[in-house]
Amino acid sequence: MKRTQMARCGLLFLFFMMAGVMVSSVFAAPAESKYVYRAGDYDGNGYDDLCVYYAASGTWTIWYNNNGTLTGQATTSFGWSGARAVPADYDGDGKTDLAVYAPSSGTWTINSSKTKKTYSVNWGWSEVVPVPADYDGDGRDDIAVFYPGDGSWSLRLSSGKTRTVKYGYSAVIPVPADYNGDGRDDIAVYIPDSGAWMAVDVQTGKTVLNQNWGWPAARPAPADYSGDGKADPCVYAGGTWYISFRSGVTMTAQWGGGSVKLVPGFYRSYYGTAYPHAQVGVYTASSGTWALKEVVIDFLDPWFKQVNFGWSQALPPPYRP
């Protein structure tokens, strides 16, 4: 049996085991900064690496990861005080590119891992939130911003075309991802007041997600936890992750607690790159501690890793505030 077939069988078994397990007795957690941080694959080996960005000096420090085994570290200066880290795969080579956004000028400065050249694009202004993602499905992340003032998304696609879509308002948290598995990231928002998730396909304008999953004190942490190619709505509060798989199955996982940053990513898999699915992860800034854990196939292959990598002023690059 091929590894991909084994992975699918293991996933079906998991869903059978989890069927009927619903989230219950959710409770409000202390107010926390509502940030999801982005895990990136900076060397293109198929696994997300650990990365912290020190904004004061524009310094990136990366600890490369190979299926759960941390290998060499690298430190690079790319950015400056006041610039926001916005890493993504802008050139489509499978590697996350170093990139920063300057709110004062609306300038994106990107270091292409493919061409080894740096280029700049003006797209945005001080009041917008950077939301890079692959909205057209061509394998390259697109430059994009969300303006809370009127809920508009302004996309500059890698093809050079531009799109503006109004979706959301000032109180929402943008959470773009591929929720229907068509290979294109969708415009999406999480509404803390109601716990609602809503997403729309950029190309067709069709709604691909409309679901209540959360409450005001919960923080969104979407990722493809099941490995089916679809991002799953997930919220975190008080050390508990509440995952709603797109199949309709739900589960909870205990991992975290205290003042942590959420860093879900594809760090390791029993099946290797044949079954890519996200693990939960948290970063404690006060101690510079990363804690990663397998939750979806934990019964089959329990795994976790805790390492010190960072400090209070060095944080994983922000993904979607």
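Since we're looking at a predicted model, the values are computed, not measured.

### Some details on the overall build of the chain
Part 1: Secondary structure summary: the chain contains one helix and 26 strands in total.
Part 2: Taken over 321 residues, the chain has a buried fraction of 55%.
Part 3: Put simply, 44% of the contacts in the chain that link residues at least 6 apart link residues at least 24 apart.
Part 4: Surface summary for the chain: the accessible area is close to 13,200 Å², and the carbon and sulfur share equals 52%.

### Regarding the nonpolar core
Part 1: Core analysis: the largest hydrophobic core is formed by 23 residues, its most contacted members being Tyr225 and Trp241.
Part 2: Among the elements of the structure, strand 18 (234-237), strand 19 (240-244), strand 20 (250-254) and strand 22 (280-284) are those that each provide at least two residues to this core.

### Describing the sheet that holds strand 8 (residues 118-122)
Part 1: A sheet is described by the order of its strands in space; here four strands give the open sequence 5-6-7-8, paired in antiparallel fashion. Across the chains shown, the open sheet's two edge strands, defined by having one partner strand only, are strand 5 (84-85) and strand 8.

### Concerning the pattern of salt bridges
Here the idea is simple: oppositely charged side chains can pair when their charged atoms come close.
Part 1: Scanning the entire structure with this criterion turns up six salt bridges.
Part 2: Salt-bridge contacts for arginine 184 lead to aspartate 201; the nearest nitrogen and oxygen are separated by 2.8 Å. On the criterion of sequence distance, the pair formed by arginine 184 in the loop between strand 13 (173-174) and strand 14 (187-191) and aspartate 201 in the loop between strand 15 (196-200) and strand 16 (207-212) is long-range, its members being 17 residues apart.
Part 3: Under the relative-accessibility criterion, aspartate 201 is labelled buried at 4%.
Part 4: Among the charged side chains, a network of salt bridges with common partners joins Asp182, Arg184 and Asp201.

### Re unusual backbone geometry
Part 1: The residue asparagine 67 is not glycine, and still its phi comes out positive at about 55 degrees.
Part 2: Within the secondary structure, asparagine 67 sits in the loop between strand 3 (59-66) and strand 4 (69-77).
Part 3: Since its relative accessible area comes to 26%, asparagine 67 is described here as partly exposed.
Part 4: Even without glycine at this site, lysine 116 takes up a positive phi of about 65 degrees.

### Structural notes on the sheet that holds strand 16
Part 1: Spatial strand order, 13-14-15-16: four strands in an open sheet with antiparallel pairing. Edge strands, defined here as strands with exactly one partner in the open sheet, are strand 13 and strand 16.
Part 2: In this sheet, strand 14 lies alongside strand 13 in antiparallel orientation, the contact comprising two bridges. Each bridged residue has a counterpart across the sheet, and for proline 174 the counterpart in strand 14 is valine 189.

### Comments concerning the confidence of the model for the chain
Part 1: Taken as a whole, the chain shows an average pLDDT of 88; of its residues, 88% reach a score of 70 or greater.
Part 2: Predicted confidence is poor over residues 1-34, with pLDDT under 50, and the contacts of this stretch with residues over four places away or in other chains come to 53 contacts.

### Details of the packing of aromatic side chains
Part 1: Under the criterion given, the structure shown has 16 aromatic pairs.
Part 2: Residues tryptophan 63 and phenylalanine 309 carry aromatic rings whose centres are separated by 5.4 Å and whose planes lie at 55 degrees to one another, so their mutual orientation is tilted. On the criterion of sequence distance, the pair formed by tryptophan 63 in strand 3 and phenylalanine 309 in the loop between strand 24 (304-308) and strand 25 (314-315) is long-range, its members being 246 residues apart. Accessibility assignment for this pair places tryptophan 63 and phenylalanine 309 in one class, buried.

### Thoughts on the pairing of strand 16
Successive side chains on a regular strand alternate, one facing one side of the sheet and the next facing the other.
Part 1: In this structure, strand 15 lies alongside strand 16, joined through five bridges in antiparallel fashion. Within the sheet, the bridge partner assigned to valine 200 lies in strand 16 and is threonine 207.
Part 2: Hairpin geometry of strand 15 and strand 16 is characterised by an intervening segment of six residues between the two adjacent antiparallel strands and by a positive phi of about 80 degrees at glycine 205.

About the thresholds
Residues numbered from 1 in each chain as written. Predicted model: local features only at pLDDT ≥ 70, side-chain atom pairs only at ≥ 80, totals over all residues. Heavy atoms only, no water. Helix = DSSP H or I, 4+ residues; strand = E, 2+ residues; numbered from the N terminus. Buried < 20%, exposed > 50% of the residue type's maximum accessible area, 1.4 Å probe, protein only. Contact = heavy atoms within 4.5 Å. Areas by Shrake-Rupley, 256 points an atom, 1.4 Å probe, with all protein chains shown as cover. Core = buried A, V, L, I, M, F, W, Y, C linked by side-chain atoms within 4.5 Å. Pairing = 2+ DSSP bridges. Salt bridge = Lys/Arg side-chain N within 4 Å of Asp/Glu carboxyl O. pLDDT = per-residue confidence, 0-100. Phe/Tyr/Trp six-rings, centres within 6.5 Å; stacked < 30°, edge-to-face > 60°.

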